[in-house]
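Structure assessment
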Amino acid sequence: MAVRSLLVWSLLVMGLTYVAGAYERPSYILPCRRNDPEINKCIRNSLNFVKPYVSRGLPELKTPPLEPLRIEELAMENNAGAVRIKALFTDIVAQGAGNYTIKEVRSDLKKLRIDMSIAIPRVESRGKYEVIGNVLLLPVRSNGEFWTEFSDISAIAKIYGKPVERDGESFMGIDKINVDFTMKNARFKVKDHVNTQNVLGEAINQFLNQNANELIQEMRPAASQSIGKLFRKFLNDAFTNLPTRLWLLDD
């Protein structure tokens, strides 16, 4: 009896209520009905409604805070075009991702497929980096600290779900996510620990900012793939800890 009471108390603290062997819907979930003729609008509104909660993090869904978003490691590799590099970014702290707005949703819930367009006004990030490769046929080898600012970001995320059964409940797992994005402005700053001369360091920063749009365009496929992997884990943790019946109603 004491164990059951402790379990109930723990779930209440986490934001989910346990009643007679079943979870009740948490307050941050606005459910949608499968037969709603405006199901896409409903999903869009639900995803925007939950924004302040996911910004703070939802431990019960195993999702870390989006503000700030902390990423231990993000790897990218681009083998085509004028920028052919391998890059590893670590100890990343990003601000602004939690200020997203879902602009449009298209769904096919029989196939567990959800596509959405997303707008983010500004994202600022900092961390450490290691880069090796070639830029415009020039060899590049560098590591150090970086700072970036991206603004007016528009993204398309295509989510492919899969059914997951566990403990008598049905969940939507995330099989894969395809992400593509554009942005209007970008700024970079690096503190190179390899090429330590001030003149060379300033030249690198000047080159990055003068060619920001071209560099982003070259790296976009690799960046999209890396970001997709990151948010696949984020969404998979969330959806596989939230029974489908709590956010998608059959009647």
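So, helix α2 (residues 39-49)
Every buried residue of α2 is accounted for by Ile-39, Cys-42, Ile-43 and Ser-46. Projected down its long axis, α2 shows its buried positions confined to an angular sector of 95 degrees, all on one face. For α2, the secondary structure elements touched by its buried residues are β3 (32-33), β6 (101-108) and β10 (248-249).

Remarks on the environment of Val-50
As for its placement among the helices and strands, Val-50 is situated in the loop between α2 and α3 (51-56). Every residue in contact with Val-50, bar those within four places of it in the chain, is listed here: Tyr-28 and Tyr-100.

Brief notes about unusual backbone geometry
Leaving glycine aside, a negative phi is the common case for residues, and trans is the common case for peptide bonds. Omega for the peptide link from Glu-67 to Pro-68 comes to -10 degrees, which places this bond in the cis form. Along the polypeptide, Pro-68 turns up in the loop between α3 and β4 (69-78). Its identity is not glycine, yet Asp-91 carries a phi of approximately 50 degrees, on the positive side. Mapped onto the secondary structure, Asp-91 falls in strand β5 (residues 83-95).

Describing the state of the cysteines
Under the criterion given, the structure shown has 1 disulfide. Residue pairing for Cys-32: its cysteine sulfur links by disulfide to Cys-42, the two sulfurs lying 2.1 Å apart. Measuring the twist about the S-S bond at about -100 degrees, one finds the Cys-32-Cys-42 disulfide to be left-handed. In this pair, Cys-32 sits in strand β3 while Cys-42 sits in helix α2, placing the two residues 10 residues apart along the sequence.

What to know about the pattern of salt bridges
In the structure shown here, the tally under the stated rule is 11 salt bridges. A salt bridge links Arg-122 to Glu-149; the shortest N-O distance between them is 2.7 Å. Of the two residues, Arg-122 sits in strand β7 (residues 113-135) while Glu-149 sits in strand β8 (residues 138-166), which places them 27 residues apart along the sequence. Arg-122 gets classed as partly exposed once you look at its relative accessible area, which sits at 38%. If you follow the salt bridges from partner to partner, you end up with Arg-122, Glu-124, Glu-149 and Arg-187 in one network.

Observations regarding the environment of Ile-71
Within the secondary structure, Ile-71 is located in strand β4. In contact with Ile-71, other than residues within four places in its own chain, are Thr-90, Asp-91, Ile-92 and Leu-230.

Considerations on the nonpolar core
Residues Phe-89, Tyr-100, Met-116 and Ile-118 are the most contacted members of the largest nonpolar core, which totals 62 residues. At 9 residues, strand β9 (residues 169-192) tops the list of elements feeding residues into this core. Here Tyr-100 is in contact with Leu-47, Asn-48, Val-50, Lys-51, Val-54, Leu-66, Ile-118, Ala-119 and Ile-120, once residues within four sequence places are set aside.

Criteria and cut-off values
Residues numbered from 1 in each chain as written. Predicted model: local features only at pLDDT ≥ 70, side-chain atom pairs only at ≥ 80, totals over all residues. Heavy atoms only, no water. Buried < 20%, exposed > 50% of the residue type's maximum accessible area, 1.4 Å probe, protein only. Helix = DSSP H or I, 4+ residues; strand = E, 2+ residues; numbered from the N terminus. Arc of directions from axis to C-beta. Contact = heavy atoms within 4.5 Å. Disulfide = S-S within 2.5 Å. Salt bridge = Lys/Arg side-chain N within 4 Å of Asp/Glu carboxyl O. Core = buried A, V, L, I, M, F, W, Y, C linked by side-chain atoms within 4.5 Å.

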